[in-house]
Amino acid sequence: MLLPNHRVEIVQYCRRMQADGLTVGTSGNISVRSGDHIAITPTGVAYENLTAASICVVDLEGRPVEEGLMPSSEVPMHTSVYAQTDAVAVVHTHPLYATALSTLVDELPAVHYMVALLGGPVRVAPYATYGSVELADNSVRAMEGRFGVILQNHGATTYGDSLAAAYTRSIYLEWLCRLYHQARLLGEPHILPPEEIERVGRMLGSYGPAPGPPPAVPRPRGEAADDPAGHR
């Protein structure tokens, strides 16, 4: 079995992704690159049923290199991120707040200095059908100079030099979207200037993962925690 350790790691983070509210049902997908191979989640398998053997391995063109389950429908987006960046891992999610904002704005502004963890204000990529080459192209264009992107009427994608780094950015991106949503309920939030985001970025170490989880933003009573069901 190719990439056994990466397969185990992906399963562990898939379970976390569901518990952290970054996805629902079988939506979302995770991949890790090692050399000329990419380990990636299969399509249509519930996270609680995933095992290391469930994880697929494809080449850099997205072609399966082992018999097994069908890889994620978002293989084109993952392979495009690897082709255009130095990513080692990619995390694609369907979180509630990022997805909601994707229907309303063209960019998540610098509402908090931790947007520096994503490289700056996070752009919203134009909508395209899931799993399409068009979506993959839109994603990597909007991600230029950033470590993440919000996908219009869809979800979000982040990457990093490890799965831990990519996942941390997904957590912070959703928290920032939720923070912006909460602030807009009260008024027009102050937006930090680019020079401050650059300064914070240098302090974080080239926008590397910051220690610890983001602070909690209380969820209004009765508010649903999950995103509408999606795909993987």
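Residues numbered from 1 in each chain as written. Predicted model: local features only at pLDDT ≥ 70, side-chain atom pairs only at ≥ 80, totals over all residues. Heavy atoms only, no water.

Concerning the packing of aromatic side chains
Point 1. Enumeration according to the criterion identifies two aromatic pairs in this entry.
Point 2. Sitting above the plane of the Phe147 ring, Arg169 keeps its charged end 3.9 Å from the centroid. (Phe/Tyr/Trp six-rings, centres within 6.5 Å; stacked < 30°, edge-to-face > 60°. Lys NZ or Arg CZ within 6 Å of the ring centre and 35° of its normal.)

A few points about the pattern of salt bridges
Any two side chains of opposite charge can pair, on the condition that their charged atoms come close.
Point 1. With the rule as written, the count across this model stands at four salt bridges.
Point 2. A salt bridge links Arg63 to Asp59, with the nearest nitrogen and oxygen atoms 2.9 Å apart.
Point 3. Across the pair Arg199 and Glu196 runs a salt bridge, and its minimum N-O distance is 2.2 Å. Placement of the pair is Arg199 and Glu196 together in helix 6 (residues 194–204), with a separation of three residues, close to one helical turn.
Point 4. For Glu196, a relative accessible area of 24% gives the class partly exposed. (Salt bridge = Lys/Arg side-chain N within 4 Å of Asp/Glu carboxyl O. Helix = DSSP H or I, 4+ residues; strand = E, 2+ residues; numbered from the N terminus. Buried < 20%, exposed > 50% of the residue type's maximum accessible area, 1.4 Å probe, protein only.)

Structural notes on the nonpolar core
Point 1. Counting 24 residues, the largest nonpolar core has Leu108, Val122, Ile150, Leu173 and Cys177 as the members making the most contacts within it.
Point 2. Within the residue set of this core, elements represented by two or more residues are helix 3 (96–102), strand 6 (122–125), helix 5 (163–186) and helix 6.
Point 3. Among the elements that take part in this core, helix 5 stands out by supplying six residues, more than any other.
Point 4. Dropping the residues within four chain positions of it, Val122 is found in contact with Glu107, Leu108, Val115, Gly148, Val149, Ile150 and Leu173. (Core = buried A, V, L, I, M, F, W, Y, C linked by side-chain atoms within 4.5 Å. Contact = heavy atoms within 4.5 Å.)

Thoughts on the pairing of strand 6
Point 1. Sheet analysis places strand 5 (residues 107–108) next to strand 6, joined by two bridges and oriented antiparallel. Bridging from a neighbouring strand, Glu107 pairs with Arg123 of strand 6.
Point 2. Pairing of strand 6 with strand 7 (residues 148–151) involves two bridges; the strand directions are parallel. Bridged to Val124 within strand 7 is Ile150.
Point 3. Following the backbone out of strand 6, through helix 4 (residues 133–142) and into the adjacent parallel strand 7, one traces a crossover that is right-handed. (Pairing = 2+ DSSP bridges. Right-handed = clockwise from strand over helix to strand, strands pointing away.)

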